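Analysis of the macromolecular model
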Amino acid sequence: MDNLRRYWLGVLLAAASGVAVIVALGMVFFYAPREVTMGEVQRIFYFHVASAWIGFFAFFVTFLSGIGYLATDKRRWDIVGLSSVEVGLTFITMTVVTGALWAKPVWGTYWTWEPRLTISAVQLLIYVAYGMLRASLDSSEQKARFGAVYGIVAFVTVPLSWVAIRWWRTIHPDILTGGEGMAVTARMTQTLLVTISAFTLLYATLLRLRVSLEQATDELARLRLRLERRSSS
Amino acid sequence: MEFLRKVLTIVNKDIAAELHTKEMISAMLVFSVLALLIFSFALDLRGEMAEVAAPGVLWATIAFAGTLGLSRSMAREQQGGCIDGLLLAPVDRSAIFFGKAAGNLLFMAIVEVILLPFFAALFDVPLLRPGVLIVLVLGTLGYAAVGTLLAAIAVNTRAREVMLPVLLLPLAVPVLIGAVRATGGLVEGRTLGQVGGWVRILVVYDLVILAVSLLTFGYVVEG
């Protein structure tokens, strides 16, 4: 009964994020106005900002599950941390790619060492390092323990990197505060908020699926072991 | 006091081992000089160019040479099961961390003390200033602390030496930016107060990293 309820909850979550993404797409292309100076290309901004938010948020989840794992030694925490890194990696890659695509028509070059873009690139490298670390370890207990520690240490350096890079240079359009570079209307803000919510739902769905995949892998390993024991005795 | 004595005992052990083999300092030093040579070819470091590029070249050299020393220092503990002996000793995990980090800081500092006048003479850059020394200490402290923690992780991986830079460098971004900017300002003749923002980043980074490393080091070396 419990399993069945969880199954339907998952279906509901997936459906909700599907609907939310479609609504967000509709708003990005038909509801949000055309930006004055940048034109149509500015619409990539909604995906860019939303995926950057998820990239950071996913890392925060890994940080929390790292603490959870070290405190309790429960495999469940490690699974959440690992899954969040993998899902977050997808989104942060999207941030960097959309950032580059946006930069080309607006600034005339694919890559500017702009703070927000740079910190996303640093985060991307941290995510990759986390993956490489786990891949280079043999025992699953070590993977979990070192992954947790690395997730914690890496996360606390991100705000400092952010401050350092921001002081280093800044030419990013100051969004939401109105500032230079971009004319923001109420419709744009609404579209952005809907896109961020849709991406957050999508993140939750993907995280849930990745977690259950890892649990299934564990279950399979357990069953295999039992089968081997039975056939050998 | 008791705690400090234990930390110093571990540092002494590392110094004795280093005096015996001399492999860490000599490797870092030779590598640093080679790096200077390569940077000099790559960037044509003369006159104004040297002054502009000097802080970056200096810290890139320190960062890369540091990874060599840090991974060697931990590999030495792993070989022959020295780390198990350390863990069996009646000392706190935090004393082990402080001891290893202080040893790494010391060895990196020795290399820097030799490198700095050499660098200043070779490229005619005014690096020998008290402010630069303070920045060097603050930058190296944070780098050695986070490097010690990550080296203790990396030494367990299959890739080992290859793994440490991949783990360490993205986390050392604040140190590198802060130290390069502060050093750059000082080379241009500004005072330590005028580059205070960068120095503060280094101090905050050092404190945060020391705190987090102390809390997590025990989990890294157990089991």
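This report concerns the structure included in the present document.

What counts and what doesn't
Residues numbered from 1 in each chain as written. Chains lettered and ligands numbered in written order. Predicted model: local features only at pLDDT ≥ 70, side-chain atom pairs only at ≥ 80, totals over all residues. Heavy atoms only, no water. Helix = DSSP H or I, 4+ residues; strand = E, 2+ residues; numbered from the N terminus. Buried < 20%, exposed > 50% of the residue type's maximum accessible area, 1.4 Å probe, protein only. Contact = heavy atoms within 4.5 Å. Areas by Shrake-Rupley, 256 points an atom, 1.4 Å probe, with all protein chains shown as cover. Lys, Arg positive; Asp, Glu negative; His and termini not counted. Charge placed at Lys NZ, Arg CZ, Asp CG, Glu CD. Core = buried A, V, L, I, M, F, W, Y, C linked by side-chain atoms within 4.5 Å. Buried area = accessible area lost by both parts, 1.4 Å probe. Salt bridge = Lys/Arg side-chain N within 4 Å of Asp/Glu carboxyl O. Expected span 1.5 Å × (residues − 1). Bend = angle between axes of the 7 residues up to and from the residue. Polar contact = N/O pair within 3.5 Å; in protein donor to acceptor, adjacent residues only side chain to side chain. Axes fitted to C-alpha atoms, helices over the stretch in contact; angles between N-to-C directions. Parallel < 35°, antiparallel > 145°, perpendicular 65-115°, else oblique. Left-handed = near helix turned anticlockwise from the far one by under 90°. Nonpolar A, V, L, I, M, F, W, Y, C, P; charged D, E, K, R; others polar. Phe/Tyr/Trp six-rings, centres within 6.5 Å; stacked < 30°, edge-to-face > 60°. Lys NZ or Arg CZ within 6 Å of the ring centre and 35° of its normal. Patch = residues over 30% accessible without salt bridge, like charges linked within 9 Å, V, L, I, M, F, W, Y side chains within 5 Å.

Thoughts on the overall build of chain B
A tally of helices and strands in chain B yields nine helices and zero strands. Beginning at the N terminus, the succession of helices and strands in chain B can be written as α-α-α-α-α-α-α-α-α. C-alpha extents for chain B along the principal axes are approximately 55 × 35 × 30 Å. A buried classification covers 51% of the 223 residues belonging to chain B. When contacts within chain B are restricted to residue pairs at least 6 apart in sequence, long-range pairs at least 24 apart make up 80% of them. Looking at chain B as shown, the accessible area adds up to about 9,700 Å², and 69% of this sits on carbon and sulfur atoms.

Focus on the overall build of chain A
Within chain A one finds six helices and zero strands. For chain A, the sequential pattern of α-helices and β-strands runs α-α-α-α-α-α. Projecting the C-alpha coordinates of chain A onto the three principal axes gives extents of approximately 75 × 40 × 25 Å. Expressed as a percentage of the 233 residues in chain A, the buried residues total 45%. Sequence-distant contacts in chain A: of pairs separated by 6 or more residues, those separated by 24 or more amount to 78%. Across chain A, the 22 positively charged side chains and the 15 negatively charged ones have centroids separated by 4 Å.

A look at the nonpolar core
By size, the foremost hydrophobic cluster in this structure holds 129 residues, and its most contacted members are Y150(A), L127(B), L150(B) and L167(B). The residues touching Y150(A), leaving out its near neighbours within four places in the chain, are I126(A), A129(A), Y130(A), L133(A), L150(B), V166(B), L167(B), P170(B) and L171(B).

A few points about the interface of chain B and chain A
Contacts between chain B and chain A engage 31 residues on the former and 28 residues on the latter. Around 2,600 Å² of area is buried between chain B and chain A when both sides are counted, 77% of it from carbon and sulfur atoms. Together, R158(B), L171(B) and Y219(B) form the three largest contributors to the area buried by chain B at its contact with chain A, with a combined 20%. Here R158(B) and D138(A) are joined by a salt bridge, their closest N and O atoms 3.0 Å apart.

Side note on the environment of R210(A)
Residues and elements named next belong to chain A. The topology assignment puts R210 in helix α6 (residues 186–232). Judged by its relative accessible area of 15%, R210 is buried. For the pair R210 and V87, spaced 123 residues apart in sequence, the C-alpha separation works out to 8.0 Å. Those residues in contact with R210 that sit more than four places away from it in its chain are L82, S83, E86 and V87.

A few points about helix α3 (residues 47–78) of chain B
Residue and element names in this part refer to chain B. For α3, spanning 32 residues, the distance from its first C-alpha to its last is 46 Å, which sits close to the expected 46 Å at 1.5 Å a residue. The axis of α3 is deflected most strongly, by about 50 degrees, at A53, and proline P55 appears within four residues downstream. Residue G80 follows α3 closely and has a positive phi angle near 65 degrees.

Concerning the side chain of S32(B)
All names here are of chain B. As for its placement among the helices and strands, S32 is situated in helix α2 (residues 23–43). Classification of S32 by relative accessible area gives buried; the value is 1%. Reaching out from S32, the side chain makes a polar contact with the backbone oxygen of M28 at a distance of 2.7 Å. Ignoring any residue separated from it by four or fewer positions in sequence, one finds S32 in contact with T61, A65, V111 and L115.

A few points about the packing of helix α8 (residues 173–187) of chain B against helix α9 (residues 196–221) of chain B
All names here are of chain B. Following both chains from N to C, one finds α8 and α9 inclined at 150 degrees, their axes separated by 8 Å at the closest point. Comparing their axes, α9 and α8 come out roughly antiparallel. Helix-helix and strand crossings are classified by hand; for α8 and α9 the assignment is left-handed. Every residue of α9 that contacts α8 at P174, V175, I177, G178, A179, R181 and A182 is listed here: W198, I201, L202 and Y205. The residue makeup of the contact of α8 with α9, split by class, is nine nonpolar, one polar and one charged.

Describing the packing of aromatic side chains
Residues and elements named next belong to chain A. Considering all chains together, one arrives at 18 aromatic pairs over all chains under this definition. A ring pair is formed by F60 and F155, whose centres lie 5.6 Å apart and whose planes are at 45 degrees; its orientation type is tilted. Here the residue F60 occupies a position in helix α2 (residues 44–72), and F155 occupies one in helix α5 (residues 140–168), the gap between them amounting to 95 residues. What makes F155 buried here is its relative accessible area of 9%. Here the aromatic residues F56, F59, F60, F63, Y127 and F155 are joined through ring pairs into a cluster of three or more. Sitting above the plane of the Y110 ring, K104 keeps its charged end 5.1 Å from the centroid.

So, unusual backbone geometry
All names here are of chain B. Of note, D44 is a non-glycine position whose phi angle comes to about 55 degrees, a positive value. Here D44 shows up in the loop between α2 and α3. For D124, which is not glycine, the phi torsion reads 55 degrees and is therefore positive. Its location among the elements puts D124 in the loop between α5 (93–123) and α6 (130–154). On the accessibility criterion, D124 (66% relative accessible area) is exposed.

Topic: helix α3 (residues 75–107) of chain A
Helix length check: α3(A), at 33 residues, gives a terminal C-alpha distance of 46 Å against a target of 48 Å (1.5 Å per residue), a fit within 8%. Backbone geometry just after α3(A) places G108(A) at a positive phi near 85 degrees.

Side note on a nonpolar patch on the surface
All names here are of chain B. The grouping of V30, L34, L37, I38 and F41 at the surface amounts to a nonpolar patch, some 530 Å² of accessible area in total. Considering the arrangement of structural elements, one finds V30 in helix α2. Take V30: its relative accessible area is 52%, and that puts it in the exposed class.

Examining the pattern of salt bridges
Residue and element names in this part refer to chain A. Taken as a whole and judged by the stated rule, the model has 18 salt bridges over all chains. Measuring nitrogen to oxygen at the nearest pair gives 3.1 Å for the salt bridge that ties E214 to R210. Here R210 and E214 lie together in helix α6, a separation of four residues that amounts to about one turn. By the burial criterion, E214 is buried, and R210 matches it. Through salt bridges that share partners, R75, D78, E86, R134, R210, E214 and D218 make up one connected network.

As far as function goes, none of this settles anything; it's purely spatial.
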